[in-house]
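# Topology and contacts: notes
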Amino acid sequence: MEDKLDCGRLIKQIHDEIQKTVNNALRSQDMTLAQLEALLELDQAPENQLSLKELERRLHIAQSTTAGIIMRLEQKGFVEGFGDSGDRRIKLVRLTPAGADCLILAQESRTEIEGKLLSGLTETERHIFFTLLKKVRNTL
C-alpha cells in the first residue's frame, strides 16, 4: 500500500531530526538551535540589533520564549539588552563580539548538518527544494 501524502507530518519529522542533530552538535558550545537562530537574526539586522518585539516576530515564537532565549544569551555574553533612548518601553538587543565569534563556530556545525541533510539531492534538486520551501513559507 502506498504511503499517504502527509506533508505536515514529514516537515515536522524533518524539523525534529534537524533540531535534535543541531542541538547535539551545539552542546559543546553551550548553545541551542533556538539561541543560534536568535544570533543569526541579530547578525543580519542593521547595526546587529533588533527590538525584542521584532526578534519575536522574526523567530515566530512567543514573547516569553524570546525573552528566555535572550536572557540566556545575555548570561553567556553573546548579546546585550538595553532600552531605546526614544521610548523606554522598547527593549533592544544587540549582538556582542563574543556572540559574533560564537555564531561563526555554530554556523560551521549548522552548515555541516545541512550538507548531510541535502546530500541525497542533486544541485538542481536543491535549488528546486529551496524554491518550493520559500514558496510554501510565503503563503503562510
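In case you missed it, the structure is sitting above this.
Now for a quick tour of the structure. Just so it is clear, the model here is predicted, and its values are computed rather than measured.

### Remarks on the overall build of the chain
Scanning the chain from N- to C-terminus turns up six helices and three strands. Projected onto its principal axes, the C-alpha positions of the chain cover 60 × 35 × 25 Å. Looking at the 140 residues of the chain, the share that counts as buried comes to 26%. Partitioning the intrachain contacts of the chain with sequence separation of at least 6 by distance along the chain shows that 45% fall at a separation of at least 24. Carbon and sulfur atoms make up 55% of the accessible area of the chain, which amounts to about 10,000 Å² in all.

### Looking at the layout of surface pockets
Space left empty within the atom packing is revealed by a probe, the size of a water molecule, rolled over the atoms. Approximately 1,800 Å³ is the volume attributed to the largest pocket. Lining the largest pocket are 34 residues, with His15, Glu37, Arg110, Leu133 and Arg137 sitting closest to its centre. Listed by contribution, the elements that provide at least two residues to the lining of the largest pocket are helix H1 (7–26), helix H2 (33–44), helix H3 (52–59), helix H4 (63–75), helix H5 (97–117) and helix H6 (123–139). With eight residues, H1 is the largest single contributor of residues to the lining of the largest pocket.

Scoring rules and cut-offs
Residues numbered from 1 in each chain as written. Predicted model: local features only at pLDDT ≥ 70, side-chain atom pairs only at ≥ 80, totals over all residues. Heavy atoms only, no water. Helix = DSSP H or I, 4+ residues; strand = E, 2+ residues; numbered from the N terminus. Buried < 20%, exposed > 50% of the residue type's maximum accessible area, 1.4 Å probe, protein only. Contact = heavy atoms within 4.5 Å. Areas by Shrake-Rupley, 256 points an atom, 1.4 Å probe, with all protein chains shown as cover. 1 Å grid on protein atoms, 1.4 Å probe; cavity = no way out; pocket = protein on both sides within 12 Å on 5 of 7 lines; lining within 4 Å. Points joined across faces, edges and corners; volume = space filled by probe spheres on them.

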